[in-house]
Amino acid sequence: FTEVVLKHSQCLEDRLAVLYFAVKSLKKAKRLLACRDGILRVLEQMGEDTFNVLATPPAEDIHNTNDLLTSTMTDDFFIHMCQCSQKSFIFLMRFYHELVYVYYVIDPTRIFGISLRMVVLTFQNG
């Protein structure tokens, strides 16, 4: 069914919406490994380096992000952070959110790398 809908969708947002709801359906059906594989495939097609996201981030990345949060980011920065209007970015974050849930169930050690990537993306895109 998903393939048929994807063939007739006319824009990227339509395709991402179909893929997102397909992933959500797999999650609801408790087919978590298929859900994970689908999410990883979509993330790779969106240009994400899933291998590095799933690996435990090096201590340097953790310290750099922590320094960014504690030294240069003030309360005013967070209050005035603009809301992202790019639909593809919003879907990217939704896919990462679903991936966190899947890994929470099947391998919780991977959540940290995914969460760190989500924080970095939020700082970059708003």
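Residues numbered from 1 in each chain as written. Predicted model: local features only at pLDDT ≥ 70, side-chain atom pairs only at ≥ 80, totals over all residues. Heavy atoms only, no water.

Interhelical geometry of helix α2 (residues 12–28) versus helix α3 (residues 32–45) gives an angle of 160 degrees and a closest axis separation of 8 Å. As judged from the angle between their axes, α2 and α3 are roughly antiparallel. Between α2 and α3 lies a crossing whose hand is left-handed. For the pair formed by α2 and α3, the contact residues are Leu 16, Leu 19, Val 23, Leu 26 and Lys 27 on the first element and Leu 32, Ala 34, Cys 35, Gly 38, Ile 39 and Val 42 on the second. Tallied by class, residues from the contact of α2 with α3 come to 9 nonpolar, 1 polar and 1 charged. (Axes fitted to C-alpha atoms, helices over the stretch in contact; angles between N-to-C directions. Helix = DSSP H or I, 4+ residues; strand = E, 2+ residues; numbered from the N terminus. Parallel < 35°, antiparallel > 145°, perpendicular 65-115°, else oblique. Left-handed = near helix turned anticlockwise from the far one by under 90°. Contact = heavy atoms within 4.5 Å. Nonpolar A, V, L, I, M, F, W, Y, C, P; charged D, E, K, R; others polar.)

Ranked by size, the top nonpolar core spans 25 residues in total, and within it Ile 39, Leu 43, Phe 95, Tyr 96, Leu 99, Tyr 103 and Ile 114 carry the most contacts. For this core, the secondary-structure elements that each account for two or more residues are α2, α3, α4 (50–54), α7 (87–106) and α8 (111–125). When sequence neighbours within four positions are dropped, the list of residues in contact with Ile 114 reads Val 53, Leu 54, Tyr 96, Leu 99, Val 100 and Tyr 103. (Core = buried A, V, L, I, M, F, W, Y, C linked by side-chain atoms within 4.5 Å. Buried < 20%, exposed > 50% of the residue type's maximum accessible area, 1.4 Å probe, protein only.)

The next subject is unusual backbone geometry. Phi at Lys 30 takes a positive value of approximately 65 degrees, unusual for a residue other than glycine. Residue placement: Lys 30 occurs in the loop between α2 and α3. With a relative accessible area of 61%, Lys 30 lands in the exposed category.

Once that is clear, we can look at α2. With 17 residues, α2 extends 24 Å between its outermost C-alpha atoms, agreeing within 8% with the 24 Å of an ideal straight helix rising 1.5 Å per residue. Those residues of α2 lying buried are Leu 16, Val 18, Leu 19, Tyr 20, Val 23 and Lys 27. At the exit of α2 stands Lys 30, carrying a positive phi of roughly 65 degrees. (Expected span 1.5 Å × (residues − 1).)

Let us now look at a nonpolar patch on the surface. Together, Leu 33, Tyr 101, Tyr 104, Val 105 and Ile 106 give the surface a local cluster of nonpolar side chains, amounting to about 470 Å² of exposed area. Ranked by the residues each element gives to the nonpolar patch, the list is headed by α7, at 4 residues. Owing to a relative accessible area of 32%, Tyr 101 belongs among the partly exposed residues under this scheme. (Patch = residues over 30% accessible without salt bridge, like charges linked within 9 Å, V, L, I, M, F, W, Y side chains within 5 Å. Areas by Shrake-Rupley, 256 points an atom, 1.4 Å probe, with all protein chains shown as cover. Salt bridge = Lys/Arg side-chain N within 4 Å of Asp/Glu carboxyl O.)

On to the packing of α7 against α8. Orientation of α7 relative to α8, taken along the N-to-C sense of each, is 165 degrees, at an axis distance of 9 Å. What the angle tells us is that α7 and α8 run roughly antiparallel. Note on packing geometry: the crossing formed by α7 with α8 is left-handed. Each of Phe 89, Leu 92, Met 93, Tyr 96, His 97, Leu 99, Val 100, Tyr 103 and Tyr 104 in α7 lies in contact with α8, whose residues at this interface are Ile 111, Ile 114, Arg 117, Met 118, Leu 121, Thr 122 and Asn 125.

Purely spatial values, then, with no claim about function.
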